[in-house]
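Understanding the architecture of this molecule
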Amino acid sequence: LLEVLVGFASFTSCLVAVDKLYLYYSTVFYKVMALIWPDSWEPTLRYPGRWKRGAKIPRVLVQLPMFNETHVAARIIDYACKMEYPRDKFEVQVLDDSTDAETRAVVDAAIDKWRALGITIEAIRRTNRQGYKAGAMHEVHDAIKGEFIAIFDADFLPEPDFLLRTIPYFQDKNVGFVQGRWTYLNADESLFCRYQEICLNAHIKCEQYARFSTGNFFNFNGTGGVWRKACIDDAGGWNARTLVEDMDLSLRAFLKGWQFVWVYDVECPNEIPSDYKAYRKQQRRWSCGPMQLWAAARQSVSESSLPTLHKAYLNIFFFGVRMLATNVISFTFYSVLVPLLLLEYVQEVEMEETHHRFMPWWAIVWMPLLVTFSTMAFSPNSFHFMILYVMYENAMSILKLGASLEGLLGLKGAMTWTVTQKLGAQASRSFDLQKVLKQISFFGKEMAVGASLIAAAFYGYSIGTSWVFTVYFATQGFIFVIFSLSLVEAFNLQPPPEWQLLGLPDPNAPPPKDEEQPLSKRKKAKKKRPNGKKKGKRGYETVRSVSLEEDDDHELNRADDDDDDDDDDDDDDDDV
């Protein structure tokens, strides 16, 4: 029976590796080809990245869903209101489901400040949290007047020109949403945050880019992007049937024939959860939700007009392999079957053929090593944390596997929604023992696995099992124990960053608040270029210069590449 299970696990491990390596190869291939022949191979050039001559400026709503985000609520409102866009075509909507009086007061104060400065902004509050984030967005959707909806979670800090660099892609009427690339404010806060950065970079920089480049389905990441309102309507609107309303809407829109754009150059900084308990809630949601969606949408995918290969990719690799099999293998193979296999068959005194008969080294060592290298390639500054990343990933796998099965089987409690609390990247780097002891929580499954692996290490050592695997069992067991006590964020072996050692200000801290003036009283820049045009990023300066007093029918007079004059040649390096 053990050999059968190992054989099945090895086959599943092959599928996981094929998916990972295919995405890695696709990313490298398109990146290299885009460097050599950008006009033919750069995926974003399939769509208009700059305004066409005479294009009308569309109305945009910036939507900020939040729940008890006391530490970051004012910050996201400030960043949203500072975004560059014609103010008569721009509004901000705070979907505040907060039950905390302090958070509500923070939101109200921020709204009053920006409303006094001429920004169209309002807070929408519900009497219940039915449907959670999806429910809040669904309830206000019909009343939205804007053609496009930009969505940012409370921990995000969108760049001022975010809208100016994403909205032009919607000139292609088939584009349903444009997704920006996440970057991370506090990746160097701890080893735990660095681990999360490695995971997210592999998803954002590799998986999303590869799927976009090859024309496969990729989902909206829930924040840091812009939706076309008509696309949301056509796909059936926001739906709270799963914990991943963003992936659900993306899939329904994809099946309707809409296209999506993923833009590498448009960055959207955000904060990684520094608290392990908050991260557990986030990962449970991200693991359970896709399985709920797979169970709900399998028939829709099969009956859609998609090509057969697209259907197979969605069902087999996107959901079956990436969302389920990866979690199954990470836990059952490396934390259960491998220890059993080694303790049962492998001792130093046994012959080499025994090793190869019962231990498929290509599945246990070499293929996972290739997959790990392909993951670490997108976080080169963290390459020396590779072993720690693997062990952290294994320790998280028991939670992810349980959540995946819970969602797939529709078990009771699968629809429990918990918000990932953010601290505004203000967590201290200093080790405070009293604070650590107060924050300890106990998670029994991780403790049971950790104790079993440590016991296996001692038993294996006593019977002569290879020292390599004895060390692996002991180390992996210790990591499980740390996770079981929620101590993982307390163990920070990284040195402080250079700015802290030198006593300099935190470069990731929000900029100091300027003494704002009402928009109508701000002075326009007087400096002009010789040809009479204001200097700035090509394709954007006309939008920035639109004043509040002009009429609604604004025109964007900057032409695309085919219409450029010789006078503009000196700006070619600024193209998006």
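Described below are features of the structure shown in this document. Here the structure is a predicted model, which means the values were calculated and not measured.

Parameters at a glance
- Residues numbered from 1 in each chain as written.
- Predicted model: local features only at pLDDT ≥ 70, side-chain atom pairs only at ≥ 80, totals over all residues.
- Heavy atoms only, no water.
- Helix = DSSP H or I, 4+ residues; strand = E, 2+ residues; numbered from the N terminus.
- Buried < 20%, exposed > 50% of the residue type's maximum accessible area, 1.4 Å probe, protein only.
- Contact = heavy atoms within 4.5 Å.
- Areas by Shrake-Rupley, 256 points an atom, 1.4 Å probe, with all protein chains shown as cover.
- Phe/Tyr/Trp six-rings, centres within 6.5 Å; stacked < 30°, edge-to-face > 60°.
- Lys NZ or Arg CZ within 6 Å of the ring centre and 35° of its normal.
- Expected span 1.5 Å × (residues − 1).
- Bend = angle between axes of the 7 residues up to and from the residue.
- Axes fitted to C-alpha atoms, helices over the stretch in contact; angles between N-to-C directions.
- Parallel < 35°, antiparallel > 145°, perpendicular 65-115°, else oblique.
- Nonpolar A, V, L, I, M, F, W, Y, C, P; charged D, E, K, R; others polar.

A count of helices and strands for the chain gives 19 helices and nine strands. The proportion of buried residues among the 576 residues of the chain is 54%. Pairs at least 24 apart in sequence give 82% of the contacts found in the chain among residues at least 6 apart. Per element, the accessible surface of the chain, about 26600 Å² overall, is 57% carbon and sulfur.

Let's shift gears to the packing of aromatic side chains. Enumeration according to the criterion identifies 38 aromatic pairs in this entry. Ring centres of F156 and W182 lie 5.3 Å apart, and the angle between their planes is 75°; on these two criteria the pair is classed as edge-to-face. Of this pair, F156 sits in the loop between strand 5 (148-151) and helix 6 (162-166) while W182 sits in strand 6 (residues 175-184), and the two are 26 residues apart along the sequence. You can call F156 buried: its relative accessible area is 2%. Their ring planes at 40° and their centres at 5.1 Å tell us that F333 and Y334 sit as a pair that is tilted. With respect to class, F333 is no different from Y334; both count as buried. A cation over an aromatic ring shows up here: K31 above the ring of Y209, its NZ or CZ 4.4 Å from the ring centre. R46 extends its terminal NZ or CZ atom over the ring of F212, reaching a point 5.8 Å from the ring centre.

Another point: the environment of A55. In this fold, A55 is placed in strand 1 (residues 55-56). The spatial distance from the C-alpha of A55 to the C-alpha of P168 is 9.3 Å, given a sequence separation of 113 residues.

Counted at 1.5 Å a residue, the expected span for helix 7 (residues 191-214) with its 24 residues is 34 Å, and the 34 Å between its end C-alpha atoms agrees. Bending of helix 7 peaks at approximately 25° at the position of L200. Within helix 7, 21 of the 24 residues are buried, leaving the element largely enclosed by the surrounding structure. Looking one or two residues past helix 7, G215 carries a phi angle of roughly 80°, positive in sign.

A separate point is helix 17 (residues 467-484). Here helix 17 spans 25 Å end to end across 18 residues, near enough to the 26 Å set by a 1.5 Å rise per residue. Among the residues of helix 17, those classed as buried are F469, T470, F473, Q476, G477, I479, F480, V481, I482, F483 and S484. Just downstream of helix 17, S486 is the residue with a positive phi angle, here 55°.

Let's shift gears to the packing of helix 7 against helix 14 (residues 386-409). Closest axis-to-axis distance for the helix 7/helix 14 pair is 10 Å, and the angle between their directions is 80°. Between helix 7 and helix 14, the interaxial angle falls into the category roughly perpendicular. Counted together, L191, F192, Y195, I198 and C199 of helix 7 and L388, Y389, Y392, E393, M396 and K400 of helix 14 form the full contact between these two elements. The residue inventory of the contact of helix 7 with helix 14, partitioned by class, reads nine nonpolar, no polar and two charged.

Functional significance is not addressed by these values, which are geometric in nature.
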